[in-house]
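# Structural overview
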Amino acid sequence: MNFIRNRLLGYGVDEAWVGYLSIAIMIVFIALLCILANFITKKVVIRFITHIVNKNKFKWDSILLERKVFHKLSHIVPAIIIYTSAVTFSAYQYVIEKAALAYIIIVALIVINSLLSAVNDVYQTYEVSKVKPIKGYIQVIKIIVFILGIILVIANLVGESPLMLLSGIGALSAVLMLVFKDSLLGLVAGVQLSANDMVRVGDWIEVPKYGADGDVIDISLNTVMVRNFDKTVTMLPSYALISDSFKNWRGMQASGGRRIKRALYIDTTSIAFCTPEMIENYKNIHYLSDYITEREREIVAYNETNQIDRNNIVNGRALTNIGVFRAYITQYLQHHSGIHQDMTLMVRQLAPGENGLPIEIYAFTNDTAWAVYETVQADIFDHLFAIAHEFGLRVFQNPTGSDFQRVSEKLS
């Protein structure tokens, strides 16, 4: 500054203007120096760093570059120049240093924020991130860092020790608890969800209370994001998965089989004992030939041993069309390419009711994909509906308009 003043006086400038001109020239010089430093940092240093990053095979440095960590860090250089040049302006040195330091702290907070986001991005490139997500913990760290940063900025501007401000926060703890209630609940929920492995990114969950039914696509500090099967997105509070019940379909997906549990309702008036003609017809059915032969031998042996009089069909043991139908369904499922043969496979009768006798299929497909599961299930029941009449059975259905029309035609 003195050098500039002397040069101006040497050029014959009025002494009354020397002070103002020297300050203006110094400000312009510092501004040009900051612009030059910023230009060199961004156009030379960062380009050099980008070139090195693009040449290697590491992922983490590419993510740092995508998050613009180095670009944001470059903003500190002009602030450092201004801070070190503050001594030149003795009258305003205190204010300039405080402002420059506050700016440096703010830039540092922005850099740390981007760095933490980059850490999460790097972590998500590993498979373990789906099992143990850390996004919630990263957000907690960001909150703590920003609170501490704001305290440092305020302490710097008012000229007080940060410890004095920290001690005053204790009196505001109740307010902070209210403001950060969701974050604190989310943090606790995140720890429990992660520790107990209750939900992961990619899991299919159902939360009826919130209308969520789909895949988890993100788990953060406050929310769990679910993409429903209709492509809508539901945002759940993280603590809702702890306080309320929900269904996680991960076990089904991991098992490799998806359950079919559906009944076919048979009109009970169509159930009857098998006649010899029916039995001969059943022997021609591929899946039933061995079953019919073996059952006939077993029934004949039982009736002869117990001297059963078969002149009355009620006496002794005999085949029924519903029993043969159940046996056929079992054999059909055991030979079906879409059914998991190592899991429970059962065809059972349920209690009869007003809709007839339910014949329930309890089995598992060998593919958990929704479309494949529905196709396999539909194919099975298409077939059973089509062949039920071959066993002399009628599938129950409430009367329709066409049924009443046929009745009226017969009466007329």
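Preceding block: the structure.
Our subject in this report is the structure included herewith. Quick caveat: nothing in here was measured; it's all calculated off a predicted structure.

Basis of the calculations
Throughout this document, residue positions are counted from 1 along each chain, in the order its sequence is written. Where totals are concerned, whole chains, interfaces and linings use all residues; where local detail is concerned, this predicted model gives features only for residues with pLDDT of at least 70, and gives and counts side-chain atom pairs only at 80 or more. Remark: hydrogens and water are excluded; side-chain values derive from all non-hydrogen atoms of the structure. When DSSP finds at least two bridges between two strands, those strands are taken to pair. Only DSSP runs of H or I covering at least 4 residues are called helices, and only runs of E covering at least 2 are called strands; the numbering of each starts at the N terminus. Residue count minus one, scaled by 1.5 Å, sets the expected span of a helix. Relative accessible area decides the class of each residue, using a 1.4 Å probe on protein chains only: under 20% of the type maximum gives buried, over 50% gives exposed, and in between gives partly exposed. Axes, fitted as lines to C-alpha atoms, cover a helix only where it is in contact. Angles between the N-to-C directions of the axes lie from 0 to 180 degrees. By definition, residues are in contact when any of their heavy atoms lie within 4.5 Å. Each Phe, Tyr or Trp ring (for Trp, its six-membered ring) is paired with any other whose centre lies within 6.5 Å, and the angle between the two planes then decides the class: stacked below 30 degrees, edge-to-face above 60, tilted in between. In our convention, an over-ring charge means Lys NZ or Arg CZ found within 6 Å of a ring centre and within 35 degrees of that ring's normal. By nonpolar core we mean a set of buried residues, namely Ala, Val, Leu, Ile, Met, Phe, Trp, Tyr and Cys, connected to one another through side-chain atoms within 4.5 Å. Residues forming no salt bridge and having over 30% relative accessible area are the ones grouped into patches, like charges within 9 Å of each other and nonpolar side chains (Val, Leu, Ile, Met, Phe, Trp, Tyr) within 5 Å. In short, Shrake-Rupley with a 1.4 Å probe defines the accessible areas, and a residue's cover is counted only from the protein chains shown. Any Lys or Arg side-chain nitrogen found within 4 Å of a carboxyl oxygen on Asp or Glu counts as a salt bridge.

## Here's the deal with the sheet that holds strand S2 (residues 212-219)
Strands sit in the order S4-S3-S2-S1-S5 across an open sheet of five strands; the sheet is antiparallel. Every other strand in the sheet has two partners, leaving strand S4 (233-237) and strand S5 (247-248) as the edge strands with one partner each. Note: strand S1 (residues 204-207) against S5, two bridges, orientation antiparallel. By the bridge assignment for S5, Glu206 is matched with Lys247.

## Thoughts on helix H8 (residues 135-158)
Taking 1.5 Å per residue as the helical rise, H8 with its 24 residues ought to reach 34 Å, and the 35 Å between its terminal C-alpha atoms agrees with that figure. Along H8, the residues classified as buried are Gly136, Ile138, Val140, Lys142, Val145, Gly149, Ile151, Val153, Ala155 and Asn156.

## Side note on unusual backbone geometry
A positive phi angle is found at Lys231, which is not glycine, with a value near 75°. With relative accessibility at 67%, the residue Lys231 sits in the exposed group.

## Brief notes about the sheet that holds strand S7 (residues 346-349)
Spatial ordering of the open sheet is given by S6-S8-S7, a layout of three strands whose pairing is antiparallel. Looking along the sheet, the strands with just one partner apiece sit at the ends: strand S6 (258-266) and S7. Between one strand axis and the next, the sheet turns through 20° on average, direction left out of account. Bridge count for S6 against strand S8 (residues 357-365) is nine bridges, and the pairing is antiparallel. Residue Leu264 lies in a different strand from S8, and its bridge partner there is Ile359. Those strands touched by helix H17 (residues 370-387) are S6 and S8, and its axis lies near 25° from that of S6.

## As for the packing of aromatic side chains
Counted under the stated rule, the structure contains 10 aromatic pairs. Between the aromatic rings of Tyr328 and Phe391, the centroid separation amounts to 5.6 Å while the plane-to-plane angle is 50°, which identifies the pairing as tilted. In this pair, Tyr328 sits in helix H16 (residues 321-334) while Phe391 sits in the loop between H17 and helix H18 (401-411), placing the two residues 63 residues apart along the sequence. Take Phe391: its relative accessible area is 2%, and that puts it in the buried class. By way of ring pairs, the aromatic residues Tyr282, Tyr287, Phe325, Tyr328, Tyr332 and Phe391 are connected into one cluster. One Lys or Arg, Arg258, reaches over the ring of Trp249 and ends 5.8 Å from the middle of that ring. We note Arg258 situated over the ring of Tyr373; from NZ or CZ to the ring centre the distance is 4.5 Å.

## Structural notes on the side chain of Asp218
With respect to the helices, strands and loops of the structure, Asp218 is situated in strand S2. A relative accessible area of 15% places Asp218 in the buried class. Every residue in contact with Asp218, bar those within four places of it in the chain, is listed here: Lys135, Thr223, Val224 and Met225.

## Overview of the nonpolar core
By size, the foremost hydrophobic cluster in this structure holds 33 residues, and its most contacted members are Phe325, Ile361, Ile380 and Phe391. If you tally residues by element for this core, the top one is H16, at eight residues. Once residues lying within four places of it in the same chain are set aside, the contact partners of Phe325 are Leu264, Ile266, Leu384, Ile387, Ala388, Phe391 and Leu393. Grouped together as the second largest cluster of nonpolar side chains are 11 residues, Ile205, Val216, Ile219 and Leu241 included.

## Examining a nonpolar patch on the surface
There is a patch of nonpolar side chains on the surface, built from Phe29, Leu33, Leu36, Phe39, Ile40, Val44 and Val45 and spanning about 620 Å² of accessible area. Within the secondary structure, Phe39 is located in helix H2 (residues 15-55). Given a relative accessible area of 47%, Phe39 falls into the partly exposed group.

Just distances and angles here, no functional claims.
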